[in-house]
Amino acid sequence: MRRSLVPALAVSLTVLLAACGTSTDPASDPAAPPSASASASTPTAAEAPAAIRQGFQRSLEKSVKMDVTIKAGNQTITMRSALDPATGGMTLDMATPEPVSMVVTADAVYVQQDKSESKRWLKLDRKRLRPDGQLAQGLDIRAQAGILGGVVSAEPAGDGRYTGVADPDKAVAAASSESERGTLRNAFKVLRTKSVPFEATLDDAGRLTLLTYTFDTAAGKVDNEMKMHSFGEPVTITAPKASETEPAAAEMYRFF
């Protein structure tokens, strides 16, 4: 491993960082609406931005599955992941179109490229990952401050749906670390406008179930879609067998 794996994995982590999340704690956000257990009322237009920003956090209160699709011209990137917030475990399968799979446990990250060739899983020690690196940042799903951190307006559209605008600069400002801010700046610097239109859907529990938005770049439109579902359903996250893994070489940690 595989230097060829580094760009593909970096793409997936950038997608995660740019697509979703907010570092705002619901308890510390004075604009946040009451939790779903306290109120089942639909957020008003004034409350909607905070409700949407917090919807991602509420989606992570229990195990969840997340599907991300990005379309740019004739190219499509897909990511399918399952997360167990209680343990920090995660599985991810990505096609960029190069296939990459990842399994995250409490102490290691396993990465495999192209299962069809029965390649071994690369094992990365989480303690050796750079704290400011994309991999370590991307593994902390709750702390990500993606485009949702920049939501500035939202209007109810019925059935839990909202349409609105996000400000990339505000999303960068909402990031929880300088490393994450740098990642977001790089992801957003291709934008031609300072506003990103989006649509979001919240369920009756205030959880984010769908987010779609479009980046307007000099190279054309980039359509992004994130679905969150299967809340609370059992998630099995098992490390590959030792015989199917190989330890990452020391030089790999320079990238991660």
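Placed above this text is the structure.
All figures in this text were calculated on a predicted structure; none of them were measured in a lab.

Student: It is not clear to me how the overall build of the protein should be interpreted in this structure. Could you clarify?
Tutor: Along the protein, the regular secondary structure elements total 5 helices and 12 strands. Within the span of the protein, comprising 256 residues, buried residues form 47% of the whole. Taking the intrachain contacts of the protein between residues at least 6 apart in sequence as the baseline, contacts between residues at least 24 apart amount to 59%. When the accessible surface of the protein is split by element, carbon and sulfur atoms take 50% of a total near 12,100 Å².

Student: I tried to follow the pattern of salt bridges on my own but got confused; where do I start?
Tutor: Once the charged atoms of two side chains with opposite charge are near each other, the side chains can pair. Applying the stated criterion to the full structure yields 5 salt bridges. The salt bridge partner of Arg192 is Asp216, with a shortest N-O separation of 3.2 Å. One end of the pair, Arg192, is in the loop between helix H5 (178-188) and strand E9 (196-202); the other, Asp216, is in strand E10 (residues 208-217), and 24 residues separate them in sequence. On the accessibility criterion, Arg192 (55% relative accessible area) is exposed.

Student: Even after reading the chapter, I still don't get the nonpolar core, so can you show me in this structure?
Tutor: Looking at soluble globular proteins, one finds that nonpolar side chains tend to be buried together. Counting 53 residues, the largest nonpolar core has Ile52, Val109, Leu124, Phe188, Phe198, Leu208 and Leu211 as its most contacted members. Aside from chain neighbours lying at most four places away, what touches Phe198 is Ile52, Val151, Ser153, Ala154, Tyr162, Thr163, Gly164, Val165, Ala166, Leu211, Thr212 and Tyr213.

Student: What is the right way to read the sheet that holds strand E4 (residues 99-104) from this model?
Tutor: Sheets are built from strands paired through backbone hydrogen bonds, the pairs being either parallel or antiparallel. Taken together, 12 strands build an open sheet; the order of strands is E7-E8-E9-E10-E11-E1-E2-E3-E4-E5-E6-E12 and the sheet is mixed. Edge positions in the sheet fall to strand E7 (151-158) and strand E12 (245-247), since each of these pairs with one other strand and no more. Going across the sheet, the axis of each strand differs from the next one's by a mean of 15°, ignoring polarity. Bridge count for strand E5 (residues 108-113) against strand E6 (residues 121-125) is 4 bridges, and the pairing is antiparallel. Along E6, the bridge assignment pairs Val109 with Leu124. Docked against the sheet, helix H2 (residues 48-59) engages strand E1 (64-72), E7, strand E8 (161-166), E9, E10 and strand E11 (220-229), running at close to 90° with respect to E7.

Student: Would you mind going over H5 with me for this structure?
Tutor: Taken residue by residue, H5 has Glu180, Thr183, Leu184, Ala187 and Phe188 as its buried positions. In an axial view of H5, the angular spread of the buried residues amounts to 125°, which keeps them on one side of the axis.

Student: Where do I start with the pairing of E9 in this structure?
Tutor: Within a regular strand, side chains alternate between the sheet's two faces. Most of E9 sits out of view: 5 of its 7 residues are buried. Pairing analysis gives 6 bridges linking E8 to E9, with the strands arranged antiparallel. Across the sheet, Ala166 pairs through a bridge with Val196, a residue of E9. With 5 bridges connecting them, E9 and E10 associate as antiparallel partners. Each bridged residue has a counterpart across the sheet, and for Leu202 the counterpart in E10 is Leu208. Where E9 hands over to E10, the hairpin turn is made up of 5 residues, of which Gly206 adopts a positive phi near 80°.

Student: Would you mind showing me how to read the pairing of E6 here?
Tutor: With 3 bridges connecting them, E6 and E12 associate as parallel partners. Each bridged residue has a counterpart across the sheet, and for Leu122 the counterpart in E12 is Glu246.

Student: Looking at this structure, I do not really get the environment of Ala249. What am I missing?
Tutor: Within the secondary structure, Ala249 is located in the segment after E12. Spatially, the C-alpha atoms of Ala249 and Leu122 are 9.2 Å apart, while their sequence positions differ by 127 residues.

Cut-offs applied
Residues numbered from 1 in each chain as written. Predicted model: local features only at pLDDT ≥ 70, side-chain atom pairs only at ≥ 80, totals over all residues. Heavy atoms only, no water. Helix = DSSP H or I, 4+ residues; strand = E, 2+ residues; numbered from the N terminus. Buried < 20%, exposed > 50% of the residue type's maximum accessible area, 1.4 Å probe, protein only. Contact = heavy atoms within 4.5 Å. Areas by Shrake-Rupley, 256 points an atom, 1.4 Å probe, with all protein chains shown as cover. Salt bridge = Lys/Arg side-chain N within 4 Å of Asp/Glu carboxyl O. Core = buried A, V, L, I, M, F, W, Y, C linked by side-chain atoms within 4.5 Å. Pairing = 2+ DSSP bridges. Axes fitted to C-alpha atoms, helices over the stretch in contact; angles between N-to-C directions. Arc of directions from axis to C-beta.

This is a description of form; function is not addressed.
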